[in-house]
Amino acid sequence: MPYSDPPPPGGYPDVKWHVPPQRPSLARRKRDFLRHLLRWGSMSEAAARTGVDRRTAHRWRAEDETFDLDCRERLTWRRQTILLAAMDRVENPRTRPVLYRGRQIGHIGRANDRIVAALMWSSEVLGRGK
């Protein structure tokens, strides 16, 4: 009978058992969320990269004051970094050469200060609200 044969001594070499991965703990998911929030600067992007819903991240912020402070700190740091980069772009505009018949006859400097104006009026940069 084929069902009564004992298995080979080393087991069946061609059988691979699937072990589902364990779900990360809540602390691990919050830490990963904060890491992605610092990297990307967006609650939606960080939630998507962590594998949780955006509403879950907002619920975590509402329930845990320490987590909320960590989120605010990372968002403020990210906005200030963007503001510094934008100010650098305004102070040091990128130049592009103007060529005519193979020779450079001048250059054009371009600076976009709309992003700086938008960030300066942002509530996070001014220190207001959430």
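Predicted model only: the values in this text are computed from it and were never measured. (Residues numbered from 1 in each chain as written. Predicted model: local features only at pLDDT ≥ 70, side-chain atom pairs only at ≥ 80, totals over all residues. Heavy atoms only, no water.)

### Topic: unusual backbone geometry
Its identity as a non-glycine residue notwithstanding, Arg101 has a phi of 55 degrees, on the positive side. Note on Arg101: relative accessible area 73%, which makes it exposed. (Buried < 20%, exposed > 50% of the residue type's maximum accessible area, 1.4 Å probe, protein only.)

### Description of the side chain of Arg29
Structurally, Arg29 is set in helix H1 (residues 26-40). It is Asp32 that comes nearest to the buried, bridge-free Arg29 among opposite-charge side chains, at 8.0 Å. A polar atom in the side chain of Arg29 sits 3.4 Å from the backbone oxygen of Pro24. Not counting residues up to four positions away in its chain, the partners in contact with Arg29 are Arg23, Pro24, Thr50, Val52 and Trp60. (Helix = DSSP H or I, 4+ residues; strand = E, 2+ residues; numbered from the N terminus. Lys, Arg positive; Asp, Glu negative; His and termini not counted. Salt bridge = Lys/Arg side-chain N within 4 Å of Asp/Glu carboxyl O. Polar contact = N/O pair within 3.5 Å; in protein donor to acceptor, adjacent residues only side chain to side chain. Contact = heavy atoms within 4.5 Å.)

### Section: the pattern of salt bridges
Counted under the stated rule, the structure contains eight salt bridges. Put simply, Arg28 and Asp32 hold a salt bridge, and the shortest N to O gap is 3.4 Å. Taken together, the positions of Arg28 and Asp32, both in helix H1 and four residues apart, correspond to about one turn of that helix. Accessibility expressed as a relative area gives 41% for Arg28, which makes it partly exposed. Several salt bridges share partner residues, and in doing so they unite Arg28, Asp32 and Arg35 into one network.

Any functional reading would require information that these geometric values do not contain.
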